[in-house]
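Residues per chain are reported as follows:
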Amino acid sequence: MADENDTPPTMEVNLEHIKHKIAVMSGKGGVGKSTVAANLAFTLAWKGYSVGLLDVDIHGPTIPKMLGVEKENLTFDSDNKMIPVKISEKIKLVSMAFLLEDEDSPVIWRGPIKMGVIRQFLEDVRWEELDYLIIDLPPGTGDEPLNIAQMLPDSYALIVSTPQDVALLSVRKSINFAKMLNMPIIGIIENMSGFACPHCGKRSDIFKTGGCEQAANEFKLPFLGKVPIDSKIVETGDDGMPFVLKYKELPSSKIFEEIVDKVENFVEKN
Ligand SMILES: Nc1ncnc2c1ncn2[C@@H]1O[C@H](COP(=O)(O)OP(=O)(O)OP(=O)(O)O)[C@@H](O)[C@H]1O
Ligand SMILES: [Mg+2]
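Residues numbered from 1 in each chain as written. Chains lettered and ligands numbered in written order. Predicted model: local features only at pLDDT ≥ 70, side-chain atom pairs only at ≥ 80, totals over all residues.

**Section: the overall build of the chain**
Across its full length, the chain holds 10 helices and 11 strands. Against the compact-globule benchmark of 18 Å for 270 residues, the chain has a radius of gyration of 18 Å, which places it among compact chains. Considering only C-alpha atoms, the chain reaches an extent of 60 × 40 × 40 Å along its principal axes. For the chain, restricting intrachain contacts to residue pairs at least 6 apart in sequence, the fraction spanning at least 24 positions comes to 77%. (Helix = DSSP H or I, 4+ residues; strand = E, 2+ residues; numbered from the N terminus. Rg over C-alpha atoms; globule rule 2.2 N^0.38 Å. Contact = placed C-beta atoms within 7 Å.)

**Section: helix 6 (residues 165-180)**
Across its 16 residues, helix 6 extends 23 Å between first and last C-alpha, which sits within 8% of the 22 Å expected from 1.5 Å per residue. Buried within helix 6 we find Ala-167, Leu-168, Ser-170, Val-171, Ser-174, Ile-175, Phe-177 and Ala-178. Mapping the buried residues of helix 6 onto a view down its axis gives an arc of 160 degrees, with all of them on the same face. Every exposed residue of helix 6 that faces more than 90 degrees away from the buried side is listed here: Asp-165, Val-166 and Met-180. Where helix 6 ends, the next residue or the one after it, Asn-182, has phi of about 55 degrees, a positive value. (Expected span 1.5 Å × (residues − 1). Buried ≥ 20, exposed ≤ 12 C-beta atoms within 10 Å, placed from the backbone. Arc of directions from axis to C-beta.)

**Some thoughts on the UniProt feature "binding site: ATP" (unreviewed entry) in the chain**
According to UniProt, the feature "binding site: ATP" (unreviewed entry) maps to Gly-27, Lys-28, Gly-29, Gly-30, Val-31, Gly-32, Lys-33 and Ser-34 in the numbering used here. With respect to the secondary-structure elements, Gly-29 resides in the loop between strand 1 (18-25) and helix 2 (33-46). Take Gly-29: there are 13 C-beta atoms within 10 Å of it, and that puts it in the partly exposed class. When neighbours within four sequence positions are excluded, Gly-29 is seen to be in contact with Pro-139 and Gly-140. Take Val-31: it is sitting in the loop between strand 1 and helix 2. (UniProt positions renumbered as here; feature names shortened; annotations may be inferred.)

**With respect to the pairing of strand 1**
Burial analysis of strand 1 places 7 of its 8 residues in the buried class, the great majority of the element. The sheet contact formed by strand 1 and strand 7 (residues 130-136) spans 6 bridges and is parallel. Across the sheet, Val-24 pairs through a bridge with Asp-136, a residue of strand 7. Bridge analysis of strand 1 against strand 8 (residues 155-161) gives 5 bridges, and the strand direction is parallel. (Pairing = 2+ DSSP bridges.)

**Thoughts on the pairing of strand 9 (residues 185-196)**
Note that strand 8 and strand 9 share 5 bridges and pair parallel. Opposite Ala-157, over in strand 9, you have Ile-185 as the bridge partner. Inspection of the sheet shows strand 9 paired to strand 11 (residues 223-229) by 5 bridges, in the parallel sense. Across the sheet, the residue bridging to Ile-188 is Phe-223, located in strand 11. The pairing of strand 9 with strand 10 (residues 203-204) spans 2 bridges and is classified as antiparallel. Looking at strand 10, one finds that Phe-195 is bridged to Ser-204.

**What to know about the nonpolar core**
Membership of the largest hydrophobic core comes to 75 residues, with the highest contact counts inside it found for Ala-23, Val-24, Ala-41, Leu-53, Ile-134, Ile-135 and Ala-157. The residues touching Ala-23, leaving out its near neighbours within four places in the chain, are Ile-135, Leu-137, Ala-149, Leu-152, Ser-155, Ala-157 and Met-183. (Core = buried A, V, L, I, M, F, W, Y, C linked by C-beta atoms within 7 Å.)

**Brief notes about the site of ligand 1**
If you check the shell around ligand 1, you find 20 residues, and the closest are Gly-29, Gly-32, Ser-34, Thr-35 and Gly-237. Residue composition of the shell around ligand 1, by class: 7 nonpolar, 10 polar and 3 charged. (Near = placed C-beta within 6 Å. Nonpolar A, V, L, I, M, F, W, Y, C, P; charged D, E, K, R; others polar.)

**Some thoughts on the environment of Asn-80**
Note on placement: Asn-80 falls in the loop between strand 3 (75-76) and strand 4 (82-83). Along the sequence, Asn-80 and Glu-257 sit 177 residues apart, while their C-alpha atoms lie 37 Å from each other.

**A few points about unusual backbone geometry**
Here the phi dihedral of Met-192 falls at roughly 55 degrees; this positive angle occurs in a residue that is not glycine. Relative to the assigned elements, Met-192 resides in strand 9. Its identity is not glycine, yet Lys-220 carries a phi of approximately 55 degrees, on the positive side. For Lys-220, a count of 6 C-beta atoms within 10 Å gives the class exposed.

**Structural notes on helix 4 (residues 111-123)**
Its 13 residues place the ends of helix 4 18 Å apart at the C-alpha level, agreeing with the 18 Å of an ideal helix rising 1.5 Å per residue. Those residues of helix 4 that fall on the buried side of the exposure criterion are Ile-118, Phe-121 and Leu-122. Looking down the long axis of helix 4, one finds its buried residues gathered within 95 degrees of arc, a one-sided arrangement. Exposed side of helix 4, more than 90 degrees from the buried face: Pro-112, Ile-113, Gly-116 and Gln-120 are the residues found there.

**Side note on the packing of helix 6 against helix 7 (residues 211-218)**
For the pair helix 6 and helix 7, interaxial distance at closest approach is 10 Å and the crossing angle is 30 degrees. Considered as vectors, helix 6 and helix 7 are oriented roughly parallel to each other. Once helix 6 is placed against helix 7, the crossing between them reads as right-handed. Note on element contacts: helix 7 touches helix 6 through Gly-211, Cys-212 and Ala-215, opposite Leu-168, Val-171 and Arg-172. Per-class residue counts for the contact of helix 6 with helix 7 are 4 nonpolar, 1 polar and 1 charged. (Axes fitted to C-alpha atoms, helices over the stretch in contact; angles between N-to-C directions. Parallel < 35°, antiparallel > 145°, perpendicular 65-115°, else oblique. Left-handed = near helix turned anticlockwise from the far one by under 90°.)

In structure tokens:
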């Protein structure tokens, strides 16, 4: 049994100043997890919270590029701990991309080495007090996201999916994944949910819509909202500027605000 004088593992010390940790996950790649993680972080910051963004997607750490952050910004303190990059008054970022030599080369480390690097990466960051830490997990429900999620005790899960059937199958996998790790599930976001034509304004449900809400109901989980396909989300992602910052007044930004209201409510009660 653990003695109360035992020194807690570094990771817990490292994360203990963080009030709420939220792991953004998806059973499948390319559904908009990083986009959602970045825009939620900025919406939380806009509401006055101090926010950390942790990009642990070793094979595709895209958050710095989405937010226009350079690798050169990285600094270390006297204990050799990484100091998160301040990307706005209220937001700090640490990304796996900062550790990779060359963003165009694939990571080919084998499992145990890779996990060692990730563990060290999580331990060696000097996080100060934060209201929220938003964690962009690698896609899927395999060993890698599993091992990383296990390294982040007391995290909530937030599931992102698109409305297609195949993506919905992956929602079920994500739900089981979170349950297996005893992570409370804040809810499900349906991303790329319909397309509002920028010319005529007419909405088309290219990939159908409503499937995630149905899955949420089925599993008795909160449904957090539908983010439509929006060409400005692609544009801002490519330009290194958060969508909700540049287009605060557009309906898709309001949807992120509503999602954040639900997130706040959930973490206050759980
Ligand atoms: N609602 C949206 N409307 C339009 N484009 C979007 C939307 N959400 C995401 N995208 C675009 O889709 C692409 C994939 O998004 P993103 O990188 O966030 O997905 P991901 O789930 O993090 O992918 P990966 O599994 O590779 O990490 C990006 O080009 C992004 O700009
Ligand atoms: Mg991603």
